[in-house]
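# Topology and contacts: notes
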2 protein chains.
Amino acid sequence: MDLADGTFLMPGLVDLHIHAPQWPQLGTGLDLPLERWLFDYTFPLEARYADTGFAATVWDDLVPSLLAMGTTTAVYFSSNHLDATTALARACARHGQRALVGRVAMDHPTGTPEWYRDATASAGVEASAASIEAVTAVGSPLVEPVITPRFTPACTDALLEGLGELAAATGVRVQTHCAESDWHCGYALDRFGASDPVALDRFGLMLPRTVLAHSDHLTAGEMALAAGRGAGVAHCPLSNAYFANAVFGVRRALAAGVGVGLGSDIAGGARPGLLGVCQDAVTVSRMLEDGVDPALGAPQRGVPESRIDTVTAFWLATAGGAAVIDLPVGLIESGRAFDAVAVRADRPGGAVRLWEGLDDDARAFEKVVRLATADDISRVWVDGKSVKQ
Amino acid sequence: MDLADGTFLMPGLVDLHIHAPQWPQLGTGLDLPLERWLFDYTFPLEARYADTGFAATVWDDLVPSLLAMGTTTAVYFSSNHLDATTALARACARHGQRALVGRVAMDHPTGTPEWYRDATASAGVEASAASIEAVTAVGSPLVEPVITPRFTPACTDALLEGLGELAAATGVRVQTHCAESDWHCGYALDRFGASDPVALDRFGLMLPRTVLAHSDHLTAGEMALAAGRGAGVAHCPLSNAYFANAVFGVRRALAAGVGVGLGSDIAGGARPGLLGVCQDAVTVSRMLEDGVDPALGAPQRGVPESRIDTVTAFWLATAGGAAVIDLPVGLIESGRAFDAVAVRADRPGGAVRLWEGLDDDARAFEKVVRLATADDISRVWVDGKSVKQ
């Protein structure tokens, strides 16, 4: 491999939280709170993936688009449909993207609409088991299944229990949303008499390599629980502003021993490339540290020592995310797969500018992470194979 | 003019706050608070523009780059140098960008370094007057001068007074930073026994068409003052996270009758294109509304009714900004200059995707604003003349 001067090689990006079927609504519909956004915009769109032809069209745009942005590993929520989910796994295999692909299980009579749900809890567990087999049968070393209860409000106790048993029986990873918003947290307390993460743990869903998306509202005790179980967090900084009512405290979580990676949360987050998400992660950490309301005194406004820098954000987007899901990627070193991204800092009209005598390596790195767009990413490799040229 | 299907025509973007000489450090050095960032990173870089050759090199990259991003009107802080400032005005004229160009006045013995300041207050006023003449002498109908005291901590009373008199004598617009951070506000109170905006007003610098950058910490009374004077605000949402210690309340300001536009704040903000800044403006307004600290109860966390939507953000970036500086742009309508941007929503590998049967005009608009990059902007016009093809 020859890299021209002005081109930087970096580890491939690990996006821990993507809703694949929401790709067509990326950049729209962020005006409603989570629980209404789901019913008004998102469930109707996801229901369309019963049409496997529609699904195939979207997947064949989504997967190469994310590869072109440098997302070499993608952790996907698919739709509720078995066939569309298998098609997503096949698309990842065909385009060469490393991926965890999960059929979304959801059966709650009020938390989901009648026209988009598993008919019963046992049907949901059976379809999830069938999806594990179907994704595995795709036969790609890059693609694995993941057990995916949508979130507690969308699942009955019987479904959550059954999926916990499925995880125990198969050893397959789990992903779900956790303690995302005030509404979500209040809902869990009302229904379970326990917080959302404690309820997930009771159902056997907080396990090593479990991806807990968002988790903004975890208390110190709940962080200790997640750390003890070996579950990690997909921090989705941009969605923090739209749905979470608060910012996830990355530094608190890391200090508590919780694994943390980054997620774009397509389409709750309107920045699909994970380099942009790194900039957002730094930005929201600064807002958490300093606070937002100028009418409050500085000491009342924020949460001291919350900021992270660009290096930490990039570490979360690569090695941190890889550790959460225990895949041998996220660093360019012997013993790991060669998942990598080449970024041109000298493209005419490109987003990155380096200036002789001004930019050392550290500044060049920060510019690439903060400014590069998909058009500045010249090459991408997954498992040593070129997937963008 | 023929526009292909899949191409959207929008008014050109009006960026109310750009530090032109900071272009080479875009995307770096956001780890320090404002007052240290200036001395450690920014003043040393700006001092280099004593070398007019260096300045010309930067301007010839900056101006076409911003035009390519759709910034048809730019309000520039130049450096402290007369020649570099004139060269910036010439670069705008040559590349066809509508611009206000201001030589930065700064003379404070402790607020600026000895190696980068006006030697005396009267020298600063004289150089500012000379810069007005030099920028005017460039002879472009697109380019006008603007009187530019950096901010109160960088200027002696004599300089601020002299520039207020210069503004009164010439009718030339004024721009400065106002009430940006806790430190800035505290400094003004200590020095003037009055808040920063009240001090600016006493020096005759808060006038019709004055651009007050940031202004995050304005009280209701100070907003009424700005509205009464006809001064407007350059809201720089991304910098709010890094330097301001708080978020500017756009809706409060608009309700108080203050004119508001958007600024990228290059390089305090690391997103140079104003479409991206629209997304940031929506995002930070949501964080102001909901708050950031999950340990607080929801009612204590944020400032209700602070959110703005994408349409409002785009309005600020176009018509809102144009109104602040009273230029006949910002809308495509008879009686205004044709400053416009064409965005392709169908570029192969582009950032915007429209889906048949899913995306109506309102959704297409939101996708373009939230997702388009410079590479998706196919054409740009200023005053009817094509400046990107």
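The sections below set out a description of the structure shown in this document. Since we're looking at a predicted model, the values are computed, not measured.

## What about the packing of helix H4 (residues 121-137) of chain A against helix H5 (residues 157-170) of chain A?
Think of two packed helices as two axes; the pair is described by the angle between the axes and how far apart they sit. All names here are of chain A. At a minimum axis distance of 8 Å, the contact between H4 and H5 shows a crossing angle of 30°. Judged on the interaxial angle alone, H5 and H4 are roughly parallel. As H4 runs across H5, the sense of the crossing is right-handed. In contact with Ala 121, Gly 124, Val 125, Ser 128, Ala 129 and Ile 132 of H4, H5 contributes Ala 158, Leu 159, Gly 162, Leu 163, Leu 166 and Thr 170. Here the residues of the contact of H4 with H5 are counted per class, giving 8 nonpolar, 4 polar and no charged.

## Section: the sheet that holds strand E8 (residues 175-178) of chain A
For sheets, the rule is that strands pair by backbone hydrogen bonds, running either parallel or antiparallel. All names here are of chain A. The parallel open sheet is built from 4 strands, whose spatial order is E8-E9-E10-E11. What marks the edges here is a single partner per strand, and that holds for E8 and strand E11 (259-262). Neighbour to neighbour, the strand axes of the sheet diverge by 30° on average, direction disregarded. Where strand E10 (residues 232-235) and E11 come together, 4 bridges link them in parallel fashion.

## Quick notes on the side chain of A:His17
Residues and elements named next belong to chain A. Assignment of secondary structure puts His 17 in strand E2 (residues 13-19). Among the residues examined, His 17 registers a relative accessible area of 0% and is labelled buried. Among the polar contacts made by the side chain of His 17, one reaches the side chain of His 19 at a distance of 3.3 Å.

## A word on the nonpolar core
Core analysis: the largest hydrophobic core is formed by 232 residues, its most contacted members being A:Trp23, A:Trp59, A:Tyr76, B:Trp23, B:Trp59 and B:Tyr76. With near-sequence residues (within four places) excluded, A:Trp59 lies in contact with A:Ala20, A:Pro21, A:Tyr49, A:Pro64, A:Ser78, A:Ala84, A:Ala87, A:Leu88 and A:Ala91.

## Topic: the relation of the copies chain A and chain B
It takes a turn of 180° to lay chain A on chain B, together with a shift of 0.0 Å along the axis; the resulting RMSD is 0.0 Å. The transformation relating the two chain copies, once decomposed into turn and shift, fits a two-fold axis. The share of interface residues of chain A whose copies in chain B are also at the interface is 100%, consistent with both copies meeting through the same surface.

## Quick look at a nonpolar patch on the surface
Together, A:Leu3, A:Leu9 and A:Ile332 make up a nonpolar patch on the protein surface, roughly 210 Å² of accessible area in all. Relative to the helices and strands, A:Leu3 resides in the segment before strand E1 (7-11).

## So, the pairing of E8(A)
Residue and element names in this part refer to chain A. Burial of E8 is two-sided: the residues Gln 175 and His 177 facing one way and the residues Thr 176 and Cys 178 facing the other way are all buried. In terms of strand pairing, E8 meets strand E9 (residues 211-214) through 4 bridges, oriented parallel. From the neighbouring strand, Thr 176 faces E9, where its bridge partner is Leu 212.

## A closer look at the interface of chain A and chain B
Opposite the 56 residues of chain A that make contact, chain B presents 57 residues. Surface buried jointly by chain A and chain B totals about 5,000 Å² across both partners, of which 53% is contributed by carbon and sulfur atoms. In this structure, the connection of chain A to chain B is made through 6 salt bridges. Two residues, B:Arg301 and A:Asp182, come together in a salt bridge whose shortest N-O distance is 2.9 Å. Inspection of the region where chain A meets chain B yields 28 residue pairs in polar contact (both at pLDDT 80 or more). Those elements that provide at least two residues to the side of chain A that touches chain B are helix H2 (52-68), helix H9 (237-244), helix H11 (274-290), helix H12 (298-301) and helix H14 (361-371) of chain A.

## Things to note about helix H1 (residues 34-47) of chain A
All names here are of chain A. Within H1, the axis deviates most sharply at Tyr 41, by approximately 40°, and proline Pro 44 lies no more than four positions further along. Buried within H1 we find Leu 34, Trp 37, Leu 38, Thr 42, Phe 43, Leu 45, Glu 46 and Ala 47. For H1, the secondary structure elements touched by its buried residues are E2, H2 and H9.

## Brief notes about the pattern of salt bridges
Counted by the stated rule, this structure contains 40 salt bridges over all chains. The partner of A:Asp359 in a salt bridge is A:Arg363, and the shortest N-O contact between them spans 2.8 Å. Salt-bridge contacts for B:Glu46 lead to B:Arg150; the nearest nitrogen and oxygen are separated by 2.8 Å. Taken as a pair, B:Glu46 in helix H1 (residues 34-47) and B:Arg150 in the loop between strand E7 (148-149) and helix H5 (157-170) lie far apart in primary sequence, 104 residues in all. A residue is classified by how much of its surface remains accessible, and B:Glu46, at 0% relative accessible area, is buried.

## With respect to the sheet that holds strand E6 (residues 143-145) of chain B
Residue and element names in this part refer to chain B. The parallel open sheet is built from 4 strands, whose spatial order is E2-E3-E4-E6. Either end of the sheet is taken by a strand with one partner, and the two such strands are strand E2 (13-19) and E6. Pairwise comparison of adjacent strand axes, ignoring direction, gives a mean angle of 15° for this sheet. Relative to strand E4 (residues 98-102), strand E3 (residues 71-77) runs parallel, the two being bridged by 5 bridges. The residue of E4 that forms the bridge with Ala 74 is Ala 99.

## Section: the layout of surface pockets
Of the pockets and cavities examined, the largest pocket occupies roughly 940 Å³. In terms of lining residues, the largest pocket is bounded by 50 residues, among which A:Ala372, A:Thr373, A:Ala374, B:Leu371 and B:Thr373 are the most central. Those elements that place two or more of their residues in the lining of the largest pocket are H2, H11 and H14 of chain A together with helix H2 (52-68), helix H11 (274-290) and helix H14 (361-371) of chain B. Sorting elements by how many residues they give to the lining of the largest pocket places H11(B) first, with 4 residues. Residues of the lining of the largest pocket, tallied by class, amount to 24 nonpolar, 13 polar and 13 charged.

## Brief notes about the packing of aromatic side chains
All names here are of chain A. This structure, assessed with the given rule, holds 20 aromatic pairs over all chains. Geometrically, the ring pair formed by Phe 314 and Phe 365 is edge-to-face, given 5.3 Å between the ring centres and 90° between the ring planes. With Phe 314 in helix H13 (residues 310-325) and Phe 365 in helix H14, this pair connects stretches of sequence that are 51 residues apart. A residue is classified by how much of its surface remains accessible, and Phe 314, at 8% relative accessible area, is buried. Chaining the aromatic ring pairs together yields one cluster made of Phe 39, Phe 43 and Tyr 116. Sitting above the plane of the Phe 54 ring, Arg 48 keeps its charged end 4.3 Å from the centroid.

Rules used in this analysis
- Residues numbered from 1 in each chain as written.
- Chains lettered and ligands numbered in written order.
- Predicted model: local features only at pLDDT ≥ 70, side-chain atom pairs only at ≥ 80, totals over all residues.
- Heavy atoms only, no water.
- Axes fitted to C-alpha atoms, helices over the stretch in contact; angles between N-to-C directions.
- Helix = DSSP H or I, 4+ residues; strand = E, 2+ residues; numbered from the N terminus.
- Parallel < 35°, antiparallel > 145°, perpendicular 65-115°, else oblique.
- Left-handed = near helix turned anticlockwise from the far one by under 90°.
- Contact = heavy atoms within 4.5 Å.
- Nonpolar A, V, L, I, M, F, W, Y, C, P; charged D, E, K, R; others polar.
- Pairing = 2+ DSSP bridges.
- Buried < 20%, exposed > 50% of the residue type's maximum accessible area, 1.4 Å probe, protein only.
- Polar contact = N/O pair within 3.5 Å; in protein donor to acceptor, adjacent residues only side chain to side chain.
- Core = buried A, V, L, I, M, F, W, Y, C linked by side-chain atoms within 4.5 Å.
- Least-squares fit on C-alpha atoms with pLDDT ≥ 70 in both.
- Patch = residues over 30% accessible without salt bridge, like charges linked within 9 Å, V, L, I, M, F, W, Y side chains within 5 Å.
- Areas by Shrake-Rupley, 256 points an atom, 1.4 Å probe, with all protein chains shown as cover.
- Salt bridge = Lys/Arg side-chain N within 4 Å of Asp/Glu carboxyl O.
- Buried area = accessible area lost by both parts, 1.4 Å probe.
- Bend = angle between axes of the 7 residues up to and from the residue.
- 1 Å grid on protein atoms, 1.4 Å probe; cavity = no way out; pocket = protein on both sides within 12 Å on 5 of 7 lines; lining within 4 Å.
- Points joined across faces, edges and corners; volume = space filled by probe spheres on them.
- Phe/Tyr/Trp six-rings, centres within 6.5 Å; stacked < 30°, edge-to-face > 60°.
- Lys NZ or Arg CZ within 6 Å of the ring centre and 35° of its normal.

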